[in-house]
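Architecture and fold: a report
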Amino acid sequence: MSSALMVNASYLVAATCFIFGLKLLSHPSSARKGNLVSAVGMLIAVLVTLIDKQILSYEWIAAGVIFGSIPGVWLAKRVEMTAMPELVSIFNGFGGLASLLLGVSSLTHSTGTITPVLSVLAYLAVIIGGVTFTGSIIAWLKLGEHMPTRAIIFPLQRWLYGVIILAVVVLALFAAMNPGYLPYFYVAIGLALLFGILATLPIGGADMPVVISLLNSYSGVAATLAGLAVNNNILIVAGLLVGASGLILTQIMCKAMNRSLMNILLSGFAKPAARAAKIEGEVRSMTAQDAYYVLEAAKSVVVIPGYGMAVAQAQHAVKELQALLEDNDATVAYAIHPVAGRMPGHMNVLLAEADIPYEQLYEMDAINPRMDSFDVAIIIGANDVVNPAAKDVQDSPIYGMPIIEAHRARNVFVMKRSASAGFAGVDNPLFFKENTRLIYGDAKDTLNNIIREFGD
Amino acid sequence: MDSINLIFILILAGFLGFELIKKVPATLHTPLMSGANAISGVTLIGALAASGSDQNVLTTILGTLAIVFATMNVVGGYMVTDRMLAMFKSKTNNK
């Protein structure tokens, strides 16, 4: 069998493995196998590429693989589930960087001529890869709170975007006219890296699920473009699978916030709407002991987690409370809003870490219709996703955003550090409702206090 | 390769991706993303060819650096996804 045929056949097998892997990801029971199938596909493609006789020096390859594997394994083993958004961002960034490097290397290649088409493809790979890289680094810094998480707005932001985009387009034309002339590329790399930083700075912490999804998509697109530049089918197919995945998640996140992608990328909650109407009524608080008396009598409880649960590392305490409630013949469900947490599915992973079966986790649309039937809704570190203002206050900045209708449960407990507004800086009328009680303090401490009451 | 063939692949892979990923439930969106990270490390394949098959020093260096970052994605991405998916338990095997 000729080598080209063998390589292409192995790539076909690898692509099939990726596709089956994603297909198995459609259910939690088969998902782990899917990931393994996907990994096997990757291994086949790598091995066959290595055996392929065109490769001359293995020393460099071995060095690269070793220096990549060690930090990769270390990160994968060490990362806390709370910090998954950071890890995914940094991996997005590395994916982008790898495509950037590959894009440039396709031009420094000593063999073969560089056509205008190749030049433009490599150029695009470099641009998208560069934006993905620095954008992900900023996202990583914000998520890890190594820098302020709020939206950082600077003057002439949109003008600056416009100028950079124009410069990138003009340079693309030059790159097409002088294929292989590298200085254009170096300028373009600089612009792309700068743009990645500038475009991510104005995005606030609450919008992070969207940005991570979008950068995920970019890292796939960059791989596809690099694949087109080096004429490699497996890169094209796999890159597009990733690009599509990121795009779908971006779409889901935008829909869950009822905002357009453009609005998120450009506004960054820059203008909190001045609210005329002050909410009438008073906030009622209660102690963990009072909460226990209500929970002891409750027959059905729904837990609505948010980022606050992740920060307080309260997921294990939640599970403990669940076990006590279930021993007490109550049913426990969890309601997960699509944008709860800092990345899509973040809450589900944290609850899975605490051994909570996935059957008990419900999506917003599945749980809202039966919200009336719950005796108690416990809100842990969530705010905007349960804010009824999104439904009935027309001038609210979050008006129109779909919410988990916790206010319809018979009793609502809100575990909260203080009475301040949420991430979006919006007052929450839920806190002022007749059936709502706030339990101030660290969510984990509060839960442990309630658990202790059960023991007594 | 013919550009028409490439466009063919592009479009089909794009549609396939959308169809497959639409079926992934919300509960698995984080593992989906980290798994996608691992797949996007496929750049490794291109980098292997680039760093191993050329005499040019700059190409070798760029290719090797690409290998480092892509390997990190592939190895780290698959491992952390596996670690996460192992945590997802059903009611039946939980008790």
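Because the structure is a prediction, the values reported are computed rather than measured.

Each partner contributes to the interface: chain B provides 80 residues, whereas chain A provides 100 residues. Across the chain B/chain A interface, buried area totals approximately 7,900 Å², and carbon plus sulfur atoms make up 74% of it. At the junction of chain B with chain A, the criterion picks out two salt bridges. Counting the contacts that link chain B with chain A gives 15 residue pairs in polar contact (both at pLDDT 80 or more). Here the side of chain B that touches chain A gets 27 residues from one element, more than from any other, and that element is helix 4 (residues 57-85) of chain B.

This next bit is on the packing of helix 4 (residues 84-108) of chain A against helix 5 (residues 116-143) of chain A. Residue and element names in this part refer to chain A. The N-to-C vectors of helix 4 and helix 5 enclose an angle of 155 degrees; their axes lie 7 Å apart at closest approach. Accordingly, the angle class assigned to the pair helix 4 and helix 5 is roughly antiparallel. For the pair helix 4 and helix 5, the sense of crossing is left-handed. Across the contact of helix 4 with helix 5, the residue classes break down as 15 nonpolar, 12 polar and one charged.

Glancing now at the domain arrangement of chain A. Residue and element names in this part refer to chain A. Domain annotation of chain A identifies domain 1 (1-78), domain 2 (83-267) and domain 3 (288-455). Distance between the C-alpha centres of domain 2 and domain 3: 36 Å. Listed as interface residues are 17 residues of domain 2 and, on the opposing side, 14 residues of domain 3. Buried surface at the junction of domain 2 and domain 3, both sides included, amounts to about 1,300 Å², of which 75% is carbon and sulfur. At the surface where domain 2 touches domain 3, the tally comes to zero salt bridges.

This brings us to the sheet that holds strand 1 (residues 300-305) of chain A. Residue and element names in this part refer to chain A. Read across the sheet, six strands follow the order 3-2-1-4-5-6 without closing on themselves; strand pairing throughout is parallel. In the strand order of this sheet, the two ends are held by strand 3 (361-363) and strand 6 (436-440), each with one partner. In this sheet, neighbouring strand axes are inclined to one another by 25 degrees on average, regardless of whether the strands run parallel or antiparallel. When strand 1 meets strand 4 (residues 376-380), the two strands line up parallel, connected through five bridges. Counted as the bridge partner of valine 302 is alanine 377 from strand 4. On the sheet, helix 14 (residues 346-353) packs against strand 1, strand 2 (331-336) and strand 3 and is oriented at approximately 145 degrees with respect to strand 2.

A few words now on the pattern of salt bridges. The final tally for this structure, using the stated rule, is nine salt bridges over all chains. The partner of Arg32(A) in a salt bridge is Asp82(B), and the shortest N-O contact between them spans 2.9 Å. Of the two residues, Arg32(A) is situated in helix 2 (residues 28-51) and Asp82(B) in helix 4; the pairing between them involves two chains. Looking at Arg32(A), the relative accessible area reads 40%, which means it is partly exposed. Looking at Asp82(B), the relative accessible area reads 23%, which means it is partly exposed.

Attention now moves to the pairing of strand 1 of chain A. Residues and elements named next belong to chain A. Counted residue by residue, strand 1 has six buried out of six residues, so it is predominantly covered. Burial of the side chains of strand 1 extends over both faces: Ser300, Val302 and Ile304 are buried on one face and Val301, Val303 and Pro305 on the other. Here strand 1 pairs with strand 2 via four bridges, running parallel. Note that in strand 2 the partner of valine 303 across the bridge is tyrosine 334.

Looking now at the packing of aromatic side chains. All names here are of chain A. For the structure shown, the criterion picks out seven aromatic pairs over all chains. Ring centres 5.4 Å apart and planes at 15 degrees place the aromatic pair phenylalanine 174 and tyrosine 184 in the stacked group. Remark: tyrosine 184 occurs in helix 7 (residues 182-200) and phenylalanine 174 occurs in helix 6 (residues 157-177); sequence separation between them is 10 residues. Measuring from ring centre to ring centre gives 5.5 Å for tyrosine 292 and tyrosine 293, while their planes differ by 50 degrees; the resulting arrangement is tilted. On the basis of relative accessible area, tyrosine 292 is assigned to the buried category, the value being 10%. Feature note: the residues Phe174, Tyr181 and Tyr184 constitute an aromatic cluster, connected by ring pairs. If you follow arginine 342 out to its NZ or CZ, it ends over the ring of tyrosine 307, 3.7 Å from the centre. Across the ring face of tyrosine 362, the terminal group of arginine 370 is positioned such that the distance to the ring centre comes to 4.8 Å.

Cut-offs and rules
Residues numbered from 1 in each chain as written. Chains lettered and ligands numbered in written order. Predicted model: local features only at pLDDT ≥ 70, side-chain atom pairs only at ≥ 80, totals over all residues. Heavy atoms only, no water. Contact = heavy atoms within 4.5 Å. Buried area = accessible area lost by both parts, 1.4 Å probe. Salt bridge = Lys/Arg side-chain N within 4 Å of Asp/Glu carboxyl O. Polar contact = N/O pair within 3.5 Å; in protein donor to acceptor, adjacent residues only side chain to side chain. Helix = DSSP H or I, 4+ residues; strand = E, 2+ residues; numbered from the N terminus. Axes fitted to C-alpha atoms, helices over the stretch in contact; angles between N-to-C directions. Parallel < 35°, antiparallel > 145°, perpendicular 65-115°, else oblique. Left-handed = near helix turned anticlockwise from the far one by under 90°. Nonpolar A, V, L, I, M, F, W, Y, C, P; charged D, E, K, R; others polar. Domains from an automatic or database assignment. Pairing = 2+ DSSP bridges. Buried < 20%, exposed > 50% of the residue type's maximum accessible area, 1.4 Å probe, protein only. Phe/Tyr/Trp six-rings, centres within 6.5 Å; stacked < 30°, edge-to-face > 60°. Lys NZ or Arg CZ within 6 Å of the ring centre and 35° of its normal.

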